[in-house]
Amino acid sequence: MSETSYSTEHERILALEARVNSLERQLKRQKIARKNAESFLETYSQDAYLANQALRKALNDSKQRERELLYLNRAASQLSNAQPGKSFIFSALESAVEFSNAHCGKAFIVKK
């Protein structure tokens, strides 16, 4: 093998080794970037899930509060209209059944 061809061959080998090293560094950077992106996505997903759960709880609490206020408003309205005896009791019982999501209600009237 001549000196020139040996030198050319050696240069090609060095160039290929440099290219391999460059590709290995690039691969390492891409792996790190992928791990960072996965970590960020996992954190973001968890935060979004927790925020969604908090919003659902707040919505349920708000709906419950709305039902309570509606019940209290009806009860106050019934008291201010002061319907006589049984009519008032059954009206109040109906509101209580609706408020508590019960299927039925019961009232006992005892005559003295």
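Residues numbered from 1 in each chain as written. Predicted model: local features only at pLDDT ≥ 70, side-chain atom pairs only at ≥ 80, totals over all residues. Heavy atoms only, no water.

## Focus: the overall build of the protein
For clarity, the cut-off: In DSSP terms, a helix is any run of H or I states spanning at least four residues, a strand is any run of E spanning at least two, and both are numbered starting from the N terminus. Values of the radius of gyration come from C-alpha atoms, whereas the globule rule sets the reference at 2.2 Å times the count of residues to the power 0.38. The rule is simple: take the accessible area with a 1.4 Å probe, protein chains only, and divide by the maximum for that residue type; under 20% is buried, over 50% is exposed, in between is partly exposed. Residues counted as positive are Lys and Arg, residues counted as negative are Asp and Glu, and His and the chain ends are not counted. By convention, the point assigned to a charge is CZ for Arg, NZ for Lys, CD for Glu and CG for Asp.
Secondary structure summary: the protein contains 2 helices and 0 strands in total. Over its C-alpha atoms the protein spans a radius of gyration of 39 Å, topping by over 25% the 13 Å that the globule rule assigns to 112 residues. For the protein, the C-alpha atoms occupy an extent of roughly 130 × 25 × 15 Å along the three principal directions. Counting only residues that meet the buried cut, the protein has 4% of its 112 residues in that class. Taken together, the 18 basic and 13 acidic charged side chains of the protein have centroids lying 16 Å from each other.

## A few points about the packing of aromatic side chains
Using the following cut-off: The aromatic pairing rule takes the rings of Phe, Tyr and Trp, using the six-membered ring of Trp, and pairs them if the centres are within 6.5 Å, calling planes under 30 degrees apart stacked, those over 60 edge-to-face and the rest tilted.
Counted by the stated rule, this structure contains 1 aromatic pair. Here Phe40 and Tyr44 contribute two aromatic rings whose centre-to-centre distance is 6.2 Å and whose plane-to-plane angle is 20°, an arrangement assigned as stacked. Of this pair, Phe40 and Tyr44 both sit in helix 1 (residues 3-81), 4 residues apart, which is roughly one turn of that helix.

## Looking at a nonpolar patch on the surface
This is how it is decided: Patch definition: residues with relative accessible area over 30% and no salt bridge; like charges joined within 9 Å; nonpolar side chains (Val, Leu, Ile, Met, Phe, Trp, Tyr) joined within 5 Å. Calculation of accessible area relied on Shrake-Rupley with a 1.4 Å probe; when residues are assessed, cover is drawn exclusively from the protein chains displayed. Note on definitions: salt bridges are taken to be side-chain nitrogens of Lys or Arg within 4 Å of carboxyl oxygens of Asp or Glu.
Taken together, the side chains of Phe40, Leu41 and Tyr44 define a hydrophobic patch exposed on the protein surface, amounting to about 380 Å² of accessible area. Residue classification places Tyr44 among the exposed positions, given a relative accessible area of 53%.

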